[in-house]
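One letter stands for each residue in the lines below.
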Amino acid sequence: MCGIAAIVSHQPVNQELYDALTVLQHRGQDAAGIVTCEHGRLHLRKENGLTRDVFTNIQMLKLRGNMGIAHVRYPTAGCTSSAEAQPFYVNSPFGLTLAHNGNLTNTEELKKALFIEDQRHLNTDSDSEVLLNIFAHELQSLGKIHLSVADVFDAVAGVHRRCKGAYAVVIMIAGFGILGFRDPNGIRPLIFGERKTDGQSEFMIASESVALDVLGFSVLRDVQPGEAVFIEQSGMLHTQQCTSTVDHCPCIFEYVYFARPDSIIDNISVHKARLRMGEKLAAKILRVWPDHDIDVVIPIPDTSRTAALQMAYLLGVKFREGFIKNRYIGRTFIMPGQKMREKSVRQKLNAIGLEFEGKNVMLVDDSIVRGTTSEQIIQMARDAGAKKVYFASAAPPVRYPNVYGIDMPAAHELIAHNRTEDEVCEEITADRLIYQDLDDLIEAVRKGNPTIKHFDTSCFSKEYITGDVDDAYLDRIEMLRNDSAQTARNTQSCIIEMQNNN
Ligand SMILES: O=P(O)(O)OC[C@H]1O[C@H](OP(=O)(O)OP(=O)(O)O)[C@H](O)[C@@H]1O
Ligand SMILES: NC(=O)CC[C@H](N)C(=O)O
Ligand SMILES: [Mg+2]
């Protein structure tokens, strides 16, 4: 999952975009980038690393201008080379830069069309570079010398016609303004807000509302699926629906794991959705295991805390923080490579022995994906003296790949793939394992906004909303993006970058 942000202001935006990236860091830890625009000139800095490591003071000072876009990356396509860090740039037409959250599912087909029909050059394997070039081509083919806002919206309609998959996007058009849009299923989140400074309106678009809150922007609303928002450099806001085939289907995993709990996505509080996940889990435990002997509920920090707290409360069982998290280690699930993820779980979490000694502990996590965390944590609980170690997951078994912006492309790497719940329990060596039911998860999230008819639950249900994902497609991406293929590609990758990094 990546994080994106854009600001159109009447004052320099460099520091504010940097601050936005630090707030969105949980969505991507691999690379960060900012591009600003000053008198039609673009200033770009992007590199691998955390936001705090990517930008020096001198570089920050050079990011001049009153509008800009920014990105933190967690790769789902291509490789981890800094050449694939975002924002991406194409000079024609008009000077365009793009930051993308999501993943296209028809990248290969689009690449061919870009080379053969549109005669455009691609320099990386990133799907986001493809997306930018599709937009550029659509804009260029209008043949305008002076661009109007309607032209920009027409180009978005062209993107919707050609691109499949998940895309929440911000694009800056040099000297003109900033565009934000969401795919017709609204799979990935995008929200925008306004701030008045000296009586003048300033606008911000971001992946999550928390970025707007922290920077003092009031939320206007979510960008609707298929809709585009364009803010002229002068601060004039325009919005338009750019497709007639809207079918809102937001990613449920945002609520389970990705988003910050203090964000509100599509009018659903992530915090409240997680509380309700805890309620549903408690109800399930009371239903299937009424005579349970749980002494204490212990969350696996960070994300599961909210659900675990509510679950313990409804079970009437003690809630204790039994694992302490090293706050200087990032999220392990979005780290590249299984070795690094395994090592980081142990570095990240340590048990407080007295909370485990002689007790039947119920460990709670938001999800079990590869099983990296649960396997190690259960062993740590046993080493700390637990009598019995039970495990509950606030999400159902993750059995199928995600192709919409979460990097779990290889089914065989998922611990629940082709395994029953009992087999997963055995695999992670728990004494009992309770998974949330999918219907309960959907209800827990949907309660916050019943106008949403369905969610993208593909990693639990194998139902892919874009209709272009079949077994052959899944086999292909499994081959391309399984852990060893990625590691090999990333170690070989020696792309010489197009931009000067210093
Ligand atoms: O089964 P796995 O493959 O281990 O993946 C699932 C785990 O990874 C995530 O934690 P992460 O450390 O990324 O972030 P968090 O601190 O927000 O919980 C998630 O919260 C689970 O704990
Ligand atoms: N997680 C994401 O949103 C990734 C964006 C894009 N597909 C990339 O790999 O850079
Ligand atoms: Mg976790």
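- Per an unreviewed UniProt entry, the protein chain is named Amidophosphoribosyltransferase, and its organism is Crenothrix polyspora.
- Reading the Pathway (unreviewed entry) entry of the UniProt record for the protein chain gives the comment "Purine metabolism; IMP biosynthesis via de novo pathway; N(1)-(5-phospho-D-ribosyl)glycinamide from 5-phospho-alpha-D-ribose 1-diphosphate: step 1/2."
- For the protein chain, the Catalytic activity (unreviewed entry) comment in UniProt is given as "5-phospho-beta-D-ribosylamine + L-glutamate + diphosphate = 5-phospho-alpha-D-ribose 1-diphosphate + L-glutamine + H2O".

**Describing the sheet that holds strand 16 (residues 296–299)**
Part 1 of the argument: Reading across from one edge, 17-16-20-21-22 is the order of the 5 strands in this open sheet, with parallel pairing throughout. Looking along the sheet, the strands with just one partner apiece sit at the ends: strand 17 (318–319) and strand 22 (432–435).
Part 2 of the argument: Note: strand 16 against strand 20 (residues 360–365), 4 bridges, orientation parallel. Residue pairing for strand 20: V296 is matched across the bridge by V361.

**Observations regarding the site of ligand 1**
Part 1 of the argument: Taken together, 17 residues surround ligand 1, and among them Y257, T303, D365, D366 and T373 come closest.
Part 2 of the argument: T303 places a side-chain nitrogen or oxygen 2.5 Å from an oxygen atom of ligand 1.
Part 3 of the argument: Here an oxygen atom of ligand 1 and a side-chain polar atom of D365 are 2.6 Å apart.
Part 4 of the argument: Protein burial of ligand 1: of its 500 Å² of free accessible surface, 96% is covered by the chains.
Part 5 of the argument: Of all the cavities here, the one that holds ligand 1 is the largest pocket.
Part 6 of the argument: When the residues that make up the shell around ligand 1 are grouped by side-chain class, the tally is 5 nonpolar, 6 polar and 6 charged.

**Some words on the UniProt feature "active site" (unreviewed entry) in the protein chain**
Part 1 of the argument: Residues annotated by UniProt as "active site" (unreviewed entry) correspond here to C2.
Part 2 of the argument: Tracing the backbone shows C2 in the segment before strand 1 (3–8).
Part 3 of the argument: We classify C2 as buried; its relative accessible area is 7%.
Part 4 of the argument: Setting aside its immediate chain neighbours within four residues, C2 contacts R27, H71, V72, R73, Y74, H100, N101 and S207.

**Considering the domain arrangement of the protein chain**
Part 1 of the argument: According to the domain assignment, the protein chain consists of domain 1 (3–248) and domain 2 (271–325 + 344–450).
Part 2 of the argument: Summarising the inter-unit geometry, the C-alpha centres of domain 1 and domain 2 are found 36 Å apart.
Part 3 of the argument: Facing 10 residues of domain 1, the contacting portion of domain 2 comprises 5 residues.
Part 4 of the argument: Summed over both partners, the interface of domain 1 with domain 2 buries about 620 Å², with 57% contributed by carbon and sulfur atoms.
Part 5 of the argument: Three residues, Y74, T76 and R188, lead the burial of domain 1 against domain 2; their summed loss comes to 51% of the area buried on that side.
Part 6 of the argument: The tally of links between domain 1 and domain 2 comes to 0 salt bridges.
Part 7 of the argument: Summed over the shared surface of domain 1 and domain 2, the number is 3 residue pairs in polar contact (both at pLDDT 80 or more).
Part 8 of the argument: Elements that contribute at least two residues to the side of domain 1 that touches domain 2 include exactly strand 6 (96–104) and strand 7 (165–173).
Part 9 of the argument: Residue composition of the side of domain 1 that touches domain 2, by class: 4 nonpolar, 5 polar and 1 charged.

Conventions we followed
Residues numbered from 1 in each chain as written. Chains lettered and ligands numbered in written order. Predicted model: local features only at pLDDT ≥ 70, side-chain atom pairs only at ≥ 80, totals over all residues. Heavy atoms only, no water. UniProt positions renumbered as here; feature names shortened; annotations may be inferred. Pairing = 2+ DSSP bridges. Helix = DSSP H or I, 4+ residues; strand = E, 2+ residues; numbered from the N terminus. Near = heavy atom within 4 Å. Polar contact = N/O pair within 3.5 Å; in protein donor to acceptor, adjacent residues only side chain to side chain. Areas by Shrake-Rupley, 256 points an atom, 1.4 Å probe, with all protein chains shown as cover. 1 Å grid on protein atoms, 1.4 Å probe; cavity = no way out; pocket = protein on both sides within 12 Å on 5 of 7 lines; lining within 4 Å. Sits in = over half its atoms within 2 Å of the grid points. Nonpolar A, V, L, I, M, F, W, Y, C, P; charged D, E, K, R; others polar. Buried < 20%, exposed > 50% of the residue type's maximum accessible area, 1.4 Å probe, protein only. Contact = heavy atoms within 4.5 Å. Domains from an automatic or database assignment. Buried area = accessible area lost by both parts, 1.4 Å probe. Salt bridge = Lys/Arg side-chain N within 4 Å of Asp/Glu carboxyl O.

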